Amino acid sequence: MNAAPDLSRTSWAKPNRCGIIAALDTPDPAKALGWAAAVAPHVGLVKVGLELFCAAGPAVVRDIARHRPVFLDLKFHDIPNTVAGAVRSVCAEPPAMLTLHGGGGAPMIEAARRAAEETAGARRPAILAVTVLTSFTAAQLAETGVSGGPAQQVLRLARLALSAGADGLVCSPHEVSRLRDAFGDAPLLVVPGVRPAGSDAGDQARVATPEETAAAGADWLVIGRPITASGSPGEAAARIAATL
C-alpha cells in the first residue's frame, strides 16, 4: 500500500511529497462517502465541490472529513463583505483548504483571509486563489476581454492573490513551473487538469500527467474522473499514487 502524504492542521502548506486530492464530483452524498472511504488510504485530501455541496450542504463536508481532510472547492467570488460572511459560515467546522477566485481582487482575498483567521484561528483553512480555469483556452480567455493568454493572466492573478494574503494558488499543469520560477517554493500549488497517460481529457483544455505535474513543482494534484469513473476508485487512486 502506498502511504498517503502527511497532512495536519499545521502542515497543510507543504506535504512531505506531492499528493493527490480525489475529487468527489457527484450530487449523491452516499456515493461520495463510498468513494471517500475507498480512496482514503491513498490520497491526502478529498474534494467537495459545487455539485456535491449544493446537493447535500455542509453536513456532507462533516461526514466526508471523517475519512480525509476536505478541500472545499466553492470558488467564492463576490464583494468582500459577502465573501467574508461565506468564509465564516464554512469555517464553523473548518475544511483544510478553501478556494476563491483570484479575479475577485485583493480586498476580497484580504477579507476572506481575515474572516478565516477570526473564525477558525490556528485551524483556519489554506486560502487558495483560483487563477485561470483549466477548461479555458487562449481564445476563450480572449473572448472575456483578457489579453496575453492563460499563462500571463495566471501570473498576473497569482501576484495579486499572494500579495493579498492567499496561501496558495490553483492553476493548470501548464503554469506550475512558471509559478515556481516567479514565486519560489513558498506558495501552495494545487493543480487540477491532471490526467494519467491515455485518459480522456474531458472538458479540460490544459492538462498533463501526474508525473509531469509533480516534476514541475506541484504540491497537490486534483484528480477526479480517472479515479471515480474507474471500476475500483481505491485501486485507481493507489495506481496513480504509486507513480509519484
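Residues numbered from 1 in each chain as written. Predicted model: local features only at pLDDT ≥ 70, side-chain atom pairs only at ≥ 80, totals over all residues. Heavy atoms only, no water.

A word on the pairing of strand β4 (residues 97-101)
The element β4 is largely enclosed, with a buried count of 5 among its 5 residues. Residues Met-97, Thr-99 and His-101 of β4 are buried on one face, and the alternating residues Leu-98 and Leu-100, pointing to the opposite face, are buried as well. By the bridge criterion, 3 bridges tie strand β3 (residues 70-76) to β4 in an arrangement that is parallel. Each residue of the ladder has a partner; that of Phe-71, found in β4, is Met-97. In this fold, β3 hands off to helix α4 (residues 80-90), which returns the chain to β4; that crossover is right-handed. As judged from the 5 bridges shared by β4 and strand β5 (residues 126-130), these two strands associate in the parallel manner. What sits directly across from Leu-98, in β5, is Ile-127. Regarding the hand of the β-α-β motif, the stretch spanning β4, helix α5 (residues 106-120) and β5 is right-handed. (Buried < 20%, exposed > 50% of the residue type's maximum accessible area, 1.4 Å probe, protein only. Helix = DSSP H or I, 4+ residues; strand = E, 2+ residues; numbered from the N terminus. Pairing = 2+ DSSP bridges. Right-handed = clockwise from strand over helix to strand, strands pointing away.)

Structural notes on the confidence of the model for the chain
On average, residues of the chain score 89 in pLDDT, and 89% of them are at 70 or above. The lowest-confidence element of the chain is helix α6 (residues 138-143), averaging 87 in pLDDT; the highest-confidence one is α4, averaging 98. Low pLDDT (under 50) marks residues 1-11, which in the prediction has 36 contacts with non-local residues, meaning those over four places away or in another chain. (pLDDT = per-residue confidence, 0-100. Contact = heavy atoms within 4.5 Å.)

Some points on helix α7 (residues 149-163)
Helix length check: α7, at 15 residues, gives a terminal C-alpha distance of 22 Å against a target of 21 Å (1.5 Å per residue), a fit within 8%. Along α7, the positions that sit buried rather than exposed are Gly-149, Pro-150, Ala-151, Gln-153, Val-154, Leu-157, Ala-158 and Ala-161. For α7, the secondary structure elements touched by its buried residues are α5, β5, α6, β6 (168-170) and α8 (176-183). Where α7 terminates, the next one or two residues include Gly-165, which has phi positive at roughly 110 degrees. (Expected span 1.5 Å × (residues − 1).)

Details of unusual backbone geometry
Although it is not a glycine, Lys-75 adopts a positive phi angle of roughly 50 degrees. Within the secondary structure, Lys-75 is located in strand β3.

A look at the layout of surface pockets
Summary: where empty space remains is shown by rolling a probe the size of a single water molecule over the atoms. By volume, the second largest pocket amounts to about 300 Å³. Considering the residues around the second largest pocket, the lining is formed by 18 residues, among which Pro-58, Val-61, Val-90, Glu-93 and Pro-95 are closest to the centre. By residue class, the composition of the lining of the second largest pocket is 14 nonpolar, 1 polar and 3 charged. (1 Å grid on protein atoms, 1.4 Å probe; cavity = no way out; pocket = protein on both sides within 12 Å on 5 of 7 lines; lining within 4 Å. Points joined across faces, edges and corners; volume = space filled by probe spheres on them. Nonpolar A, V, L, I, M, F, W, Y, C, P; charged D, E, K, R; others polar.)

Comments concerning the nonpolar core
By size, the foremost hydrophobic cluster in this structure holds 58 residues, and its most contacted members are Ile-64, Leu-72 and Val-87. In terms of residue count, the dominant contributor to this core is α5 (7 residues). Each residue touching Val-87, except ones within four places of it in the same chain, is listed here: Phe-76, Leu-98, Ala-112, Ala-115 and Ala-116. One finds Ile-21, Ala-96, Val-170 and Val-222 within the second-largest nonpolar core, a separate group that totals 14 residues. (Core = buried A, V, L, I, M, F, W, Y, C linked by side-chain atoms within 4.5 Å.)

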